[in-house]
Amino acid sequence: MKAAVVLFPGSNRERDAARALRLASGQEPAIVWHGDSELPAGTDLVVLPGGFSYGDYLRCGAIAARSPIMGAVRAHAERGGLVLGICNGFQILIEAGLLPGALLRNENLKFVCRAQHLRVETTESPFTNQYSKGQVIEVCIAHGDGNYVADRETVARLEGEGLVGFRYCDASGDVSGPGPNGSVNAIAGIFSQKRNVLGMMPHPENLVDPLVGGTDGAGLFASVGRALAA
Amino acid sequence: MKARVTVTLKNSVLDPQGKAIEGALKSLGFDGVGSVRQGKVFDIELAGSDRAAAETALKGMCEKLLANTVIESYRVDIAE
């Protein structure tokens, strides 16, 4: 796995992402500065990590989405390369137009930072092939702007084409509860049309070591490893 | 030239901050507040005096950065 983690001013989960990638693959990912205009040659996975790029000024992810490296990330995605955006990275992918919809302020206006159950909605993706369909995993969330919205046609298309990767749920997998942020259909993560781009608000990279209370996030990085080895 | 760009959430998009402000105004005793929508204002100084060119440039700024047109609409006003 040749991974690159993009560092924006204000990113703060890049080391967590790098560690999860290292644990899953045994290989050290490159850390790429947002001002660069090219990815390292042979990059097969780009990770946009969590944090508060540009202090969330203007809109979360808006300024980072216009940084020089994003041209290369877009080209990588268009070639079919894998892109994972976590939390602020998801916001950046949305602002860059690589994923549809928008992420608004949480419905209750509160920053939520806690453990959260997710239901894996599909295993047919490079990011979820090591989970089982309907599996409930527990990872953590930490965001103030994770309220996913999109127009009716877009939501219908995402649902119809199986492009919802994860939903917020309770321990039994029930997704009908209030959820942490008000997202439509309890959406926690979505794929691009070709499923090579995943954006998600929760942090799988923080649950990859039993020392910190669970390893449910490890499956995502193992899935990427499997997809790239295939 | 001076211009003001106003960006607001589209009416179809829920505005939890506006709702909270609306509630606070009501609790302060301001009766008759129907609803509140929060937005952003950008005051921009531009070189040159060509209004048409300025308007084109400002619209470009809105489309590319200042507004997220998925959820927001914008208005451009150029000062006389």
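Residues numbered from 1 in each chain as written. Chains lettered and ligands numbered in written order. Predicted model: local features only at pLDDT ≥ 70, side-chain atom pairs only at ≥ 80, totals over all residues. Heavy atoms only, no water.

**Looking at the overall build of chain B**
1) Next: Assigned secondary structure in chain B consists of two helices and three strands.
2) Next: When its helices and strands are written in sequence order, chain B yields β-α-β-α-β.
3) Next: Since a compact globule built from 80 residues should have a radius of gyration of about 12 Å, the 16 Å found for chain B marks it as more spread out than a globular shape.
4) Next: Principal-axis analysis of the C-alpha atoms gives chain B an extent of 45 × 25 × 15 Å.
5) Next: Taken across its 80 residues, chain B has 29% of its residues classed as buried.
6) Next: Within chain B, contacts between residues at least 6 apart in sequence are counted, and of these 67% link residues at least 24 apart.
7) Next: Of the accessible surface of chain B, which amounts to about 5,100 Å², a share of 54% is contributed by carbon and sulfur atoms.
8) Next: Charged side chains in chain B number 11 positive and 11 negative. The centres of these two groups are separated by 4 Å. (Helix = DSSP H or I, 4+ residues; strand = E, 2+ residues; numbered from the N terminus. Rg over C-alpha atoms; globule rule 2.2 N^0.38 Å. Buried < 20%, exposed > 50% of the residue type's maximum accessible area, 1.4 Å probe, protein only. Contact = heavy atoms within 4.5 Å. Areas by Shrake-Rupley, 256 points an atom, 1.4 Å probe, with all protein chains shown as cover. Lys, Arg positive; Asp, Glu negative; His and termini not counted. Charge placed at Lys NZ, Arg CZ, Asp CG, Glu CD.)

**Thoughts on the state of the cysteines**
1) Next: Counted under the stated rule, the structure contains zero disulfides over all chains.
2) Next: In this structure C62 of chain B is not part of a disulfide, and its nearest cysteine sulfur, from C60 of chain A, lies 19 Å away.
3) Next: Taking relative accessible area as the criterion, C62 of chain B reaches 0% and is therefore assigned buried. (Disulfide = S-S within 2.5 Å.)

**What to know about the packing of aromatic side chains**
All names here are of chain A.
1) Next: This model, assessed by the stated rule, comprises four aromatic pairs over all chains.
2) Next: Aromatic side chains F90 and Y148 sit 6.3 Å apart centroid to centroid with 10° between the ring planes, which places their arrangement in the stacked category. One end of the pair, F90, is in helix 3 (residues 88–95); the other, Y148, is in strand 8 (residues 147–149), with 58 residues separating them in the sequence.
3) Next: What makes F90 buried here is its relative accessible area of 1%. (Phe/Tyr/Trp six-rings, centres within 6.5 Å; stacked < 30°, edge-to-face > 60°.)

**Focus: the environment of H76 of chain A**
Residue and element names in this part refer to chain A.
1) Next: Structurally, the position occupied by H76 is in helix 2 (residues 69–78).
2) Next: In sequence terms H76 and L45 are 31 residues apart; their C-alpha atoms lie 8.9 Å from each other.
3) Next: A polar contact is formed between the side chain of H76 and the backbone oxygen of L82, at a distance of 3.0 Å. (Polar contact = N/O pair within 3.5 Å; in protein donor to acceptor, adjacent residues only side chain to side chain.)

**Comments concerning the confidence of the model for chain B**
1) Next: Within chain B, residue pLDDT values average 94, and 100% of them lie at 70 or more.
2) Next: With pTM at 0.94, the complex prediction returns an ipTM value of 0.85. (pLDDT = per-residue confidence, 0-100.)

**Here we look at the interface of chain B and chain A**
1) Next: Taken together, the contact pairs 16 residues of chain B with 13 residues of chain A.
2) Next: In total, chain B and chain A occlude about 1,100 Å² of area from one another, counting both sides; carbon and sulfur atoms represent 66% of this.
3) Next: Counting across the chain B and chain A interface gives one salt bridge.
4) Next: For the salt bridge of E72 of chain B with R59 of chain A, the shortest nitrogen-to-oxygen distance reads 3.6 Å.
5) Next: Of all the secondary-structure elements, those providing two or more residues to the side of chain B that touches chain A are helix 1 (16–27), strand 2 (39–45) and helix 2 (51–66) of chain B.
6) Next: Here the side of chain B that touches chain A is built from residues that sort into eleven nonpolar, two polar and three charged. (Buried area = accessible area lost by both parts, 1.4 Å probe. Salt bridge = Lys/Arg side-chain N within 4 Å of Asp/Glu carboxyl O. Nonpolar A, V, L, I, M, F, W, Y, C, P; charged D, E, K, R; others polar.)

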